[in-house]
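What follows is the residue order along each chain.
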Amino acid sequence: MDNLNLISNFAEFKELKNIDKSTMIGVLEDVFRHALQKQYETDENFDVIINPEKGDLEIWRNRTVVEDGAVENPNTQIAVSEVKAIDSTYEVGDEYADEIKLSSFGRRTVLSLRQNLASRILDLEKASLYEKYSEKVGEIITGEVYQVWKKEVLILDDDENELILPKSEQIPNDFYRKGDTIKAIVKSVEMNNNQPRIILSRTASQFLERLFEQEVPEIFDGLITIKKIVRIPGERAKVAVESYDDRIDPVGACVGMKGSRIYSIVKELRNENIDVVNYTANTQLMIQRALNPAKISSITLDEEKQTAAVYLKPDQVSLAIGKGGLNIRLSKMLTGYDIDVYREVEEEDVALSEFADEIDAWIIEALKNVGCDTAKSVLELSVEEIAARADLEVEQAQKVVEILKAEFE
């Protein structure tokens, strides 16, 4: 076991784990001084010289030359006759330096030293990794899938550090195999049993925000600001943007020519539909833009309760609600208002509640529950459709149609 072997291994470790030179030298010197203290009871008269780039380590012991027979501590003093046998120029009172070889420490001490070094560098590696990724929280990183498990995916970064993408942070349509390249943001960094655990996310709104920054130079440069992002990962997202420069159309800049900019974002998010809307402090207008593509007839706001009653023409109701209710859910999240959608009653139409004297209340309620809250909305359907949707007997549906038709005859 020689100096070169020990330090060259350590230098190699440094290169792989990106530990800075000054930190490495400090740890090496500290470890060797600890070994000197155990071997010689003090390290004060030793010089530890480290050159990590070349893998060199030298330990020099400084002793005072004293008269023969006056040596009280052989670790700090040396007899003049012993020194003159090596170099005749030395005199009493001079400082004599001799190199201490690592092999002189003994096999057990060297083994302990190696273990101490490995332990210290492992702690340094963990601390360095924790610090490195703590500074990257909220940033996009790219890694390679190393292992796919039921509840999480293990990813390696460029330095082969282990990162975790839990199932809960994956887009529902995500599917990975070993070797795949993956893009995600650093969501959090935790310490579990003195081991850094780096959690990634692809479902966070911030991931979508960072993708926009990568694809839209105006956002990266600060010319366009993302005011708010809401997502139902893998399904749909709404992004409110604002520009402080009247010459820039924020929505157009984000979408790009023929959708060129937003296309790569949609592709990365497994075809998640993304609506980009102009932000405004006008609540009514913001709700109207959030419910796009539906065309709103009127809005009644209760700012204290943060509720909004939105009235639309019959053919716009399904657009406002969206497939599976996604559009209205995201609109509520984007505006912060609890939005209720109502079918606008046209002047020549009559609300079903007006027929309470002729039609049983439970039948009216059943019809309302399937979106038929006016006479004309019911008459637009066939008797069979009415019966099927409202769970009525055909005879009951026929009777309802006859009553409603009489109103317009």
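Presented here is a report on the structure given in the accompanying data block. (Residues numbered from 1 in each chain as written. Predicted model: local features only at pLDDT ≥ 70, side-chain atom pairs only at ≥ 80, totals over all residues. Heavy atoms only, no water.)

Let us look at the overall build of the protein chain. In terms of helices and strands, the protein chain carries 15 helices and 15 strands. For the protein chain, whose C-alpha radius of gyration is 38 Å, the value lies well above the compact-globule estimate of 22 Å for 409 residues. Evaluated residue by residue, the protein chain yields a buried proportion of 42% over its 409 residues. Sequence separation of at least 24 residues holds for 58% of the intrachain contacts in the protein chain that already meet a minimum separation of 6. Of the roughly 23000 Å² of accessible surface on the protein chain, 45% is carried by carbon and sulfur atoms. (Helix = DSSP H or I, 4+ residues; strand = E, 2+ residues; numbered from the N terminus. Rg over C-alpha atoms; globule rule 2.2 N^0.38 Å. Buried < 20%, exposed > 50% of the residue type's maximum accessible area, 1.4 Å probe, protein only. Contact = heavy atoms within 4.5 Å. Areas by Shrake-Rupley, 256 points an atom, 1.4 Å probe, with all protein chains shown as cover.)

Moving on: a negative patch on the surface. There is a patch of like negative charges on the surface, built from Glu354, Asp357, Glu358 and Glu407. Under the relative-accessibility criterion, glutamate 407 is labelled partly exposed at 43%. (Patch = residues over 30% accessible without salt bridge, like charges linked within 9 Å, V, L, I, M, F, W, Y side chains within 5 Å. Salt bridge = Lys/Arg side-chain N within 4 Å of Asp/Glu carboxyl O. Lys, Arg positive; Asp, Glu negative; His and termini not counted. Charge placed at Lys NZ, Arg CZ, Asp CG, Glu CD.)

We now examine unusual backbone geometry. Note that the residue after asparagine 292, namely proline 293, is joined by a cis bond; omega there is 15°. By the secondary structure assignment, proline 293 is in the loop between α9 (283-290) and β13 (296-302). Its identity as a non-glycine residue notwithstanding, asparagine 194 has a phi of 65°, on the positive side. Inspection of the secondary structure assignment puts asparagine 194 in the loop between β8 (181-192) and β9 (195-201).

Reading across the sheet, the 3 strands line up as β10-β11-β12 and stay open at both edges, with mixed pairing between neighbours. Strand pairing shows two members of the sheet lacking a second neighbour, β10 (224-232) and β12 (273-278), which therefore form its edges. Taking each pair of neighbouring strands and ignoring which way they run, the sheet shows an average axis angle of 20°. Examined bridge by bridge, β10 and strand β11 (residues 236-243) share 8 bridges and lie antiparallel to one another. (Pairing = 2+ DSSP bridges. Axes fitted to C-alpha atoms, helices over the stretch in contact; angles between N-to-C directions.)

Summed over the entire model, instances satisfying the criterion amount to 22 salt bridges. With a closest N to O distance of 2.9 Å, arginine 202 and aspartate 174 form a salt bridge. Of the two residues, arginine 202 is situated in the loop between β9 and α5 (205-215) and aspartate 174 in the loop between β7 (162-166) and β8; the sequence distance between them amounts to 28 residues. Comparing arginine 202 with aspartate 174, the two get one shared label, buried.

Take the packing of aromatic side chains next. The description of an aromatic ring pair rests on the distance of the ring centres and on the angle between the ring planes. All told, the structure shown has 3 aromatic pairs when counted by the stated rule. With a centroid separation of 5.1 Å and an interplanar angle of 35°, the aromatic rings of tyrosine 40 and phenylalanine 46 are classed as tilted. No difference in accessibility class separates tyrosine 40 from phenylalanine 46, as the two residues are buried. Centroid distance tyrosine 311 to tyrosine 342: 5.3 Å. Interplanar angle 25°. Geometry classified as stacked. Of this pair, tyrosine 311 sits in strand β14 (residues 307-312) while tyrosine 342 sits in strand β15 (residues 338-343), placing them 31 residues apart in sequence. Sitting over the ring of tyrosine 279, lysine 227 keeps its end group 5.2 Å from the ring centre. (Phe/Tyr/Trp six-rings, centres within 6.5 Å; stacked < 30°, edge-to-face > 60°. Lys NZ or Arg CZ within 6 Å of the ring centre and 35° of its normal.)

Residue placement: threonine 203 occurs in the loop between β9 and α5. Taking the relative accessible area as the measure of exposure, threonine 203 reaches 16% and is therefore buried. Apart from residues lying up to four places away in sequence, threonine 203 is in contact with Ser168, Glu169, Gln170, Ile171, Arg231 and Pro233.

Our focus in this paragraph is the side chain of arginine 63. Topologically, arginine 63 is positioned in strand β2 (residues 56-66). Within the structure, arginine 63 has its side chain in polar contact with the side chain of aspartate 98 (distance 3.3 Å). Aside from chain neighbours lying at most four places away, what touches arginine 63 is Pro74, Asn75, Thr76, Gln77, Ile78, Asp94, Glu95, Tyr96 and Asp98. (Polar contact = N/O pair within 3.5 Å; in protein donor to acceptor, adjacent residues only side chain to side chain.)

Another point: the pairing of strand β4 (residues 95-99). Residues of β4 alternate between two faces, with Tyr96 and Asp98 buried on one and Glu95, Ala97 and Glu99 left unburied on the opposite face. Examined bridge by bridge, β2 and β4 share 5 bridges and lie antiparallel to one another. Across the sheet, residue tryptophan 60 finds its bridge partner in β4, namely glutamate 99.

Below, the discussion takes up the nonpolar core. By size, the foremost hydrophobic cluster in this structure holds 25 residues, and its most contacted members are Leu208, Phe212, Val239, Leu269 and Ile274. Contributions of two or more residues to this core are made by α5, β10, β11, α7 (250-255), α8 (260-268) and β12. The element contributing the most residues to this core is α5, with 4 residues. Apart from residues lying up to four places away in sequence, leucine 269 is in contact with Ile171, Phe207, Leu208, Leu211, Arg231, Gly234 and Ile274. In terms of nonpolar packing, the next biggest core, distinct from the first, is built from 22 residues, Phe355, Leu381, Ala390 and Val400 among them. (Core = buried A, V, L, I, M, F, W, Y, C linked by side-chain atoms within 4.5 Å.)

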